[in-house]
Structures are given as structure tokens and as C-alpha cells.
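# Coordinate analysis (summary)
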There are 2 protein chains.
Amino acid sequence: MTEPRLRADACRNRERILAAACEALVEHGPEVSIEEIARRAGVGNATIYRRFCGRHDLLHHVGLEVLGVLTEEAERARAEEVDALSALRRFAHRASNRSLAAVLPMVYGQTADDEPLHAARERLLGLVKNLMTSAQTTGMMRNDLCLGDFLTALAKLTRPLPGSPRPVVDTVRRQIDLLIDGLRTQRCCTCPERPASSRTHAGPVGSTTDD
Amino acid sequence: MTEPRLRADACRNRERILAAACEALVEHGPEVSIEEIARRAGVGNATIYRRFCGRHDLLHHVGLEVLGVLTEEAERARAEEVDALSALRRFAHRASNRSLAAVLPMVYGQTADDEPLHAARERLLGLVKNLMTSAQTTGMMRNDLCLGDFLTALAKLTRPLPGSPRPVVDTVRRQIDLLIDGLRTQRCCTCPERPASSRTHAGPVGSTTDD
DNA sequence: GCTAAACGGAGACTACCTCCCCGGTTATTT
DNA sequence: AAATAACCGGGGAGGTAGTCTCCGTTTAGC
């Protein structure tokens, strides 16, 4: 049964294609062209068609990969952080890496009635929902919020605006901290007191460092 | 000197085109097609070319109009609200109507070195900047934030995610309130204690009511 | 009711996108 | 190190969609 294992370079290219697809999706929206993804990945467009059978299949695998990473992050955050709100904050930060949270809405629209994708999604939603209710029942988080508020806010903040040369990671992080602080019941500043740069727009272009 | 005044129907159509362009821009991104805008406005595409000389000119006027409305809103908010933070909140709510705040980043990328647009933009930025420093010096708003943090967050939250049938106004409002609460120095819940719907995603599709 | 302004649709032309084929390149195996 | 099979990028055919213009018809305003 199949999967004769990919050659090393083919495997590398497959990863690159998936990563490029994520980037391209969040920047250009759901109907980004295959050519654009290929350009970004630094491969010929034929390579994409060789590895995936068509657009739908590509997006399917993008979705699966992203959902997998996020689910794992949610589990680790829950396990390694002491309280639910810190876990949510950590999860949010991880989800902002490579705009992961913003990829999902782009994929869903294009892959209707895709069963495994739907299942993976429900699993992630369940985990985050648990974190939220846990934070709420322990009194750390306000009660007038539902899952959708948090997740769509996360997706929106994570998604880069067109025109920004490279998403300034620092800004996104700060915005997420702001959001989390808004979620809190009591004020307890989690945001490092980084002096505000008085410049109007983006500061130095930060590298996408992992947390 | 020129501007022989438009006929009533032409004038109406011009408004419709500008409004449709805003909608289309925030939904499809900066390189949305003229055809799509015409479809949305319910006019033939020739009508757009009759009223504006090309894509650049259309976006220029979209930008001017949006900047004009937002500037006026900022001034009114400052004049009519008692404190700077309330003014910011009010401004943010108004800017979320018709996704106004999200239109601007779409326009800027396409209209480089457009002097009047740039001037109008600086004017608005100045007003908002004043509101922010005012809120900060009176101790209502945390100091580790700059103009860009607030404005890009506003633009992102205001921009609809692809796939959402109609932006659920209620959700956007709540997210903005969350953001403003995150800005505060002390907790003082501005958010009406609307009981959280436990449903996973969007609740009822709200109409885009003005504030 | 007349006239000039405005309208929508259709058409020419272009650009880009999808998908496949082919001659050259590279990883792997012995 | 040579053989071989997997893999690669570029280019091309066919198709779709976009931009902008022309033209016969409709409509607002006097």
C-alpha cells in the first residue's frame, strides 16, 4: 500500500509548497493562484501539480497541516501553563506565527464538505472552547464572550494587511496581548512595558522568531 | 470653470460606485476588478469609466471620501465626548461601519505619491494621535502603545474575513470594545453585559445599523 | 416633448491562469 | 562512480477574466 516515500528534494519541496501556500493565502485571499504559490515556494508550477492533484487537494493538505500544528499547540499550552488564561495567551501567540490562525478561514471557504478537515476543525474548536470555559469558571475571563469572538478576532489580528512589506511580528504580538488583556476580568498587565515608539507606522522589520 | 454638475441619476450612481468600491475592496483586497465593483454597484462597467478616468482615479476618490468621513468622525467624537478614551471608542465604532477603517490600507498600496491623499491621511493621523496622547496623559490609557498599534488593529478587526456571509456587526463591535478595554489603564467594563451566546460561530446576522 | 446627458451591453485586445508535456538535472543504489 | 529512476523547471495550448471603448437606447431636466 503505496506511499513509496518521497525523495529528499521532493519532500523538501512539498514542505516549501505548503508553507508558501499559507503565506500566499493570508496575503492574497482564498482564490490565490497556483502560480503565485509556486513563485513563492521557488518551484515550478508543475511541481505543485505533481505533488497534489489540483487546487482542492492542495488546500485540503494545507488545512490539515495547520489544524494539526494548532491542535498540538493548544494541547501543549494547556499542559504546560498553570492557568487557562495563560494557556490561551500562549496559544494565541503561537497561532500568530506564520499567520496560522488566519489561514483557516481561507481554506474553509474552498473546501466544503471535506470530512477529515471538518473533524480536525471540531477537535481544535473543542480544545479552545474548553480553555475558554475553564478560564471563565475560574473567574479569570469575562463571561460575555463566546468562542467565535475570540477565534475570529485572533484570525483577523493575525492576518497581515496588504501593503505592509513584512508583517511586523512585534506589532501583532502586542495586539494579541491587548486582546487578551481585554478578555481579563481584572487588570493585570501581561504586556512588557516596552516604551512606545512614537513613529507612526511600522518600526523595524522583525524576524518571525518562534516564541 | 468645469464641473458642470452631474445629473441626478449620475450623481446617485457615483455614490453607489464609491460605496460598492469600499465593500469590494475590503472583501477582495486591493486588486479587486473594476467589473466586480460595477456588479456590486448595479451599474454597467462603462459607467465607472465614464465617471472616473481609470482605476487609479477611482481609488483616489474612494480614499478621499473615506478619509473625509473618518476625519469628520474623529472631530465630532473629540468635541462631543467628555474624555479622550470615550472619544476613541466612539471613533472606532464609527470607523467599523461599512468597514471604513479597513478600506484605507487597500487604497494606499495602489495610490503611491498621491499628494492630496497623503495630506488628508496625515490630517486624520494627527487627530487620532492627539486623542491617544490625550488619553495617555490623563492616565486613562496605557503608555506602551503607539498610533500604529491602534490603527492597524482597528483596520484588521474591521475587515471582514472571507467566507463570512455578511459581517456580523455585533461581533465586530464586541471585538472593538475588547480592544478598547485592552487599552485601558483600569478595568471599567464598557461592554454591555450581553449574555454570551454559547454557539460556536456567528449568531444572528445583524443589520449594519449606524451607531 | 425636446435635447443632451447618461446608461448598459457587447466587442477588441490583453494578461494571466490551469494543466500537461518534454528535455535536462539530481538523489539514490550497488 | 556509474546506472537508473525520480524529480525538476520552462514553455505552450486552451480557456477565463479583466480593461477600456464604441454605439444604439433610455431618461432627466427644462
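Residues numbered from 1 in each chain as written. Chains lettered and ligands numbered in written order. Predicted model: local features only at pLDDT ≥ 70, side-chain atom pairs only at ≥ 80, totals over all residues. Heavy atoms only, no water.

This part takes up the side chain of Asp144(B). Residues and elements named next belong to chain B. Positionally, Asp144 belongs in the loop between α7 (115–137) and α8 (147–158). Residue classification places Asp144 among the buried residues on the basis of a relative accessible area of 1%. A distance of 3.2 Å separates a polar atom in the side chain of Asp144 from a polar atom in the side chain of Arg142. (Helix = DSSP H or I, 4+ residues; strand = E, 2+ residues; numbered from the N terminus. Buried < 20%, exposed > 50% of the residue type's maximum accessible area, 1.4 Å probe, protein only. Polar contact = N/O pair within 3.5 Å; in protein donor to acceptor, adjacent residues only side chain to side chain.)

Because an α-helix completes one turn every 3.6 residues, residues spaced three or four positions apart along the sequence face the same direction. Taken across its eleven residues, helix α6 (residues 100–110) of chain B has eight buried, putting it largely inside the fold. Looking at the packing, one finds that the buried side of α6(B) touches α1 (8–28), α4 (55–80), α5 (84–96), α7 and α8 of chain B. (Contact = heavy atoms within 4.5 Å.)

What follows covers the protein's contact with DNA strand D. Lining the immediate environment of DNA strand D, one finds 23 residues, of which Arg7(A), Asn13(A), Thr47(A), Glu35(B) and Tyr49(B) sit closest. A breakdown of the atoms of DNA strand D within 4 Å of the protein gives sugar and phosphate a share of 68%. Arg50(A) is positioned with one of its side-chain polar atoms (N or O) 3.2 Å from a base oxygen of DNA strand D. Broken down by element, the surface near DNA strand D gets its largest block of residues, five residues, from helix α3 (residues 45–51) of chain A. Tallied by class, the residues present in the surface near DNA strand D amount to eight nonpolar, seven polar and eight charged. (Near = heavy atom within 4 Å. Nonpolar A, V, L, I, M, F, W, Y, C, P; charged D, E, K, R; others polar.)

This part takes up the packing of helix α1 (residues 8–28) of chain A against helix α6 (residues 100–110) of chain A. Residues and elements named next belong to chain A. At a closest axis distance of 9 Å, the pairing of α1 and α6 adopts a crossing angle of 80°. Comparing the axis directions of α1 and α6 gives the class roughly perpendicular. Facing Cys22, Leu25 and Val26 of α1, the residues of α6 in contact are Ala102, Val103, Met106 and Val107. (Axes fitted to C-alpha atoms, helices over the stretch in contact; angles between N-to-C directions. Parallel < 35°, antiparallel > 145°, perpendicular 65-115°, else oblique.)

Glu35(A), Tyr49(A), Arg7(B), Asn13(B) and Thr47(B) are the nearest of the 23 residues found near DNA strand C. Here, DNA strand C places atoms within 4 Å of the protein, and 68% of those atoms are sugar or phosphate. Ile34(A) places a main-chain nitrogen or oxygen 3.0 Å from a phosphate oxygen of DNA strand C. The side chain of Arg7(B) places a nitrogen or oxygen atom 2.7 Å from a base nitrogen of DNA strand C. For the surface near DNA strand C, the elements supplying multiple residues, two or more each, are α1, α2 (34–41) and α3 of chain A together with α1 and α3 (45–51) of chain B. By residue number, the principal contributor to the surface near DNA strand C is α3(B), which donates five residues. Tallied by class, residues from the surface near DNA strand C come to eight nonpolar, seven polar and eight charged.

Here we take up unusual backbone geometry. All names here are of chain B. Positive phi is not limited to glycine here, since Arg98 has a value of about 55°. Tracing the backbone through its elements, the reader meets Arg98 in the loop between α5 and α6. The partly exposed category is assigned to Arg98, whose relative accessible area is 45%. Phi is positive for Ser99, which is not a glycine, with a value near 55°. Here Ser99 shows up in the loop between α5 and α6. Residue Ser99 is classed as buried on the basis of its relative accessible area of 8%.

Treat this as a map of the structure, not an account of what it does.
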